[in-house]
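Each chain, written out:
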Amino acid sequence: MIYEFTFENYRSYKHEASIDFTAKPINEFEDTLIRLNEREGILPVCAIYGPNGGGKSSVIMAIDELRRIVLQPLLQLAFMKKKNEELGEASIEQLSESLKDIHTYSSYYKWDNESINNPTKYSILFEVDDCKYRYEFEINQEEILVENLYMENAGEIEAIFERDEEGVYLCEQLESVDLENMNESLPLLSYISMFKNINVVDRVIRFFLQIKVLNYDKPNLDRRIFVEQIENDKSRVCNVLQSMGIDICDIKVEYNDDGSIEEIYTIHLLSSGEIKTLRLSEESSGTKKIISIIPILLNGIDRNCLFLIDELDAKLHPLLLRKIIELFSNRSINKGTSQLLFTSHDLTTMSKDVFRRDEIWFSAINAYDESVLYSLVDFRKEGGSKPRNDENYSKQYLEGRYGADPYFKKLVNWEVVD
């Protein structure tokens with residue numbers, strides 16, 4: 001479960017930016033929160049809105065970048081399968097594919113001549129098995145400058161390890177770790193996990209494994225993944241589809257002799273009572289996306305995963321998007337600590353009927369050509385007033401009242417004059 005993620009000097013963000021899943025003390029949808037105690041809660045969902053080029057995707061990419069930094073060394077040594085028996089072959093393949101392209105060393109802010117010499121910084125606060133951790137990582141070019149791991153224990157902060165340019169500190173649990181042969185380009189967290197079975201470190205690795213980045217630019221990979229999960233949970237998948245108004249009552253997979261997928265069929269129960277069959281390829285783009293995403297989400301919700309999805313609303317009807325959000329905000333479905341962070345342009349769901357004010361975030365370019373990230377609940381309008389929970393959020397957003405105006409302030413005359 002994630003509490004907060006902070007980053008700096010990454011893509012369009014020159015200065016520090018944070019996304020915070022800690023619920024603010026507001027009386028909105030309190031029954032949707034992941035409860036820490038009677039007074040404190042964690043948000044199950046955060047949605048980021050803003051103009052194209054405003055930095056929405058960069059927030060998701062920054063978390064994914066840190067995930068890649070940590071997990072890539074483990075994968076390269078074929079250690080992932082041994083360390084995490086709960087991952088199936090398809091999940092390993094998906095993880096391997098998603099970690100292939102790393103752009104860490106060139107992701108600094110590029111609109112000035114100074115940022116290339118400054119480190120890109122990441123800090124993530126999260127919880128695993130009732131243990132709270134903060135992991136900090138700073139890198140410049142290919143040089144790791146800072147790497148720290150802290151754990152909160154009985155209200156006190158304990159340093160598990162600290163690393164900077166002067167050296168490394170290891171807590172008593174890690175004293176047996178041999179650092180003499182460590183490649184300095186490796187994260188210390190990854191190195192320890194490769195060669196030692198230490199619970200405090202393994203729990204942190206497990207958190208990064210539970211971050212799922214859904215990418216619909218690779219449909220063939222998604223097809224293999226969701227088929228496995230459909231086969232394992234077909235009844236529930238079809239029930240969810242039908243609750244969304246999609247008349248699919250069954251999904252059948254036809255295999256070749258070598259076990260590869262020949263064809264996927266969707267079985268429709270029409271209002272007339274007739275049963276009709278379609279190839280998945282014959283379905284609309286929106287239906288294909290829903291069928292591919294629902295099994296993965298349901299499986300991840302069961303496993304308390306954090307989902308990162310860029311432009312979740314693409315090709316989806318607003319009501320379907322709302323149903324997906326409800327999978328996380330409905331505590332009878334999301335009974336654990338699964339969370340969703342996504343970007344969107346869909347304004348029909350930017351509503352007090354769907355979100356708490358602290359679940360709505362904006363990313364936009366300021367007057368200095370830098371992205372800034374802020375939540376609706378923390379925004380101050382002219383005069384210093386806060387947005388109220390009875391406002392029409394989407395209308396105010398379109399009018400530029402929240403500082404992330406998605407439209408041109410001036411129209412350009414595109415006519416060609418002879």
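We now turn to the structure provided with this report.

Criteria and thresholds
- Residues numbered from 1 in each chain as written.
- Predicted model: local features only at pLDDT ≥ 70, side-chain atom pairs only at ≥ 80, totals over all residues.
- Heavy atoms only, no water.
- Buried < 20%, exposed > 50% of the residue type's maximum accessible area, 1.4 Å probe, protein only.
- Helix = DSSP H or I, 4+ residues; strand = E, 2+ residues; numbered from the N terminus.
- Phe/Tyr/Trp six-rings, centres within 6.5 Å; stacked < 30°, edge-to-face > 60°.
- Pairing = 2+ DSSP bridges.
- Salt bridge = Lys/Arg side-chain N within 4 Å of Asp/Glu carboxyl O.
- Axes fitted to C-alpha atoms, helices over the stretch in contact; angles between N-to-C directions.
- Contact = heavy atoms within 4.5 Å.
- Expected span 1.5 Å × (residues − 1).
- Polar contact = N/O pair within 3.5 Å; in protein donor to acceptor, adjacent residues only side chain to side chain.
- Core = buried A, V, L, I, M, F, W, Y, C linked by side-chain atoms within 4.5 Å.

For R11, which is not glycine, the phi torsion reads 50° and is therefore positive. On the basis of relative accessibility, which here comes to 39%, the residue R11 falls in the partly exposed class. Located in the positive-phi region is Q141, a residue other than glycine, with phi close to 60°. Tracing the backbone shows Q141 in the loop between β7 (131-140) and β8 (143-153). Given the relative accessible area of 38%, Q141 is considered partly exposed.

Throughout the structure, instances matching the rule amount to 18 aromatic pairs. Between F7 and Y10 the ring centres are 6.3 Å apart and the planes differ by 85°, which places this aromatic pair in the edge-to-face class. For the residue pair F7 and Y10, the accessibility class agrees, reading buried in each case. Relative to F328, the ring of F307 lies with its centre 5.8 Å away and its plane at 75°, an arrangement referred to as edge-to-face. Highlighted residues: F307 in strand β15 (residues 306-309) and F328 in helix α9 (residues 318-329), separated in sequence by 21 residues.

Here the focus is the pairing of strand β1 (residues 2-8). Most of β1 is tucked away: five of the seven residues are buried. Direction of pairing for β1 relative to strand β2 (residues 17-20): antiparallel, over a ladder of four bridges. By the bridge assignment, T6 is partnered in β2 with S18.

Under the criterion given, the structure shown has 21 salt bridges. Its salt-bridge partner being R163, residue E147 comes within 2.9 Å of it at the nearest N-O pair. Separated by 16 residues along the polypeptide, E147 in strand β8 and R163 in strand β9 (residues 156-164) bring together distant segments of the chain. Here E147 and R163 have matching classes, each one buried. The closest approach of N and O atoms between D233 and R236, which form a salt bridge, is 2.7 Å. On the basis of relative accessible area, D233 is assigned to the partly exposed category, the value being 23%.

Before going further, it helps to examine the sheet that holds strand β11 (residues 211-214). Ordered in space as β11-β15-β16-β5-β17-β18, the six strands form an open sheet in which the pairing is mixed. Strand pairing shows two members of the sheet lacking a second neighbour, β11 and β18 (371-375), which therefore form its edges. This sheet shows a mean twist of 15° between the axes of neighbouring strands, independent of strand direction. In this sheet, β15 lies alongside β11 in parallel orientation, the contact comprising four bridges. Bridge assignment links L214 to a residue of β15, and that residue is I309. Contacts between helix α8 (residues 285-302) and the sheet are confined to β11 and β15, with β15 contributing the most and set at about 150° to the helix.

We now examine α9. Spanning twelve residues, α9 covers 16 Å between terminal C-alpha atoms, matching the ideal 16 Å at 1.5 Å per step. Taken together, the buried positions of α9 are occupied by L320, L321, I324, I325, L327, F328 and S329.

Turning our eyes to something else, we now look at the side chain of S123. Summarising the element assignment, S123 is placed in strand β6 (residues 120-128). There is a polar contact of 2.8 Å between the side chain of S123 and the side chain of R134. Setting aside its immediate chain neighbours within four residues, S123 contacts E4, F5, T6, R134, Y135 and E136.

Moving on, we come to the nonpolar core. Residues Y135 and F208 are the most contacted members of the largest nonpolar core, which totals 66 residues. Considering each element in turn, this core owes the most residues, nine residues, to helix α1 (residues 56-76). In terms of nonpolar packing, the next biggest core, distinct from the first, is built from 53 residues, C238, V253, I293 and L320 among them.

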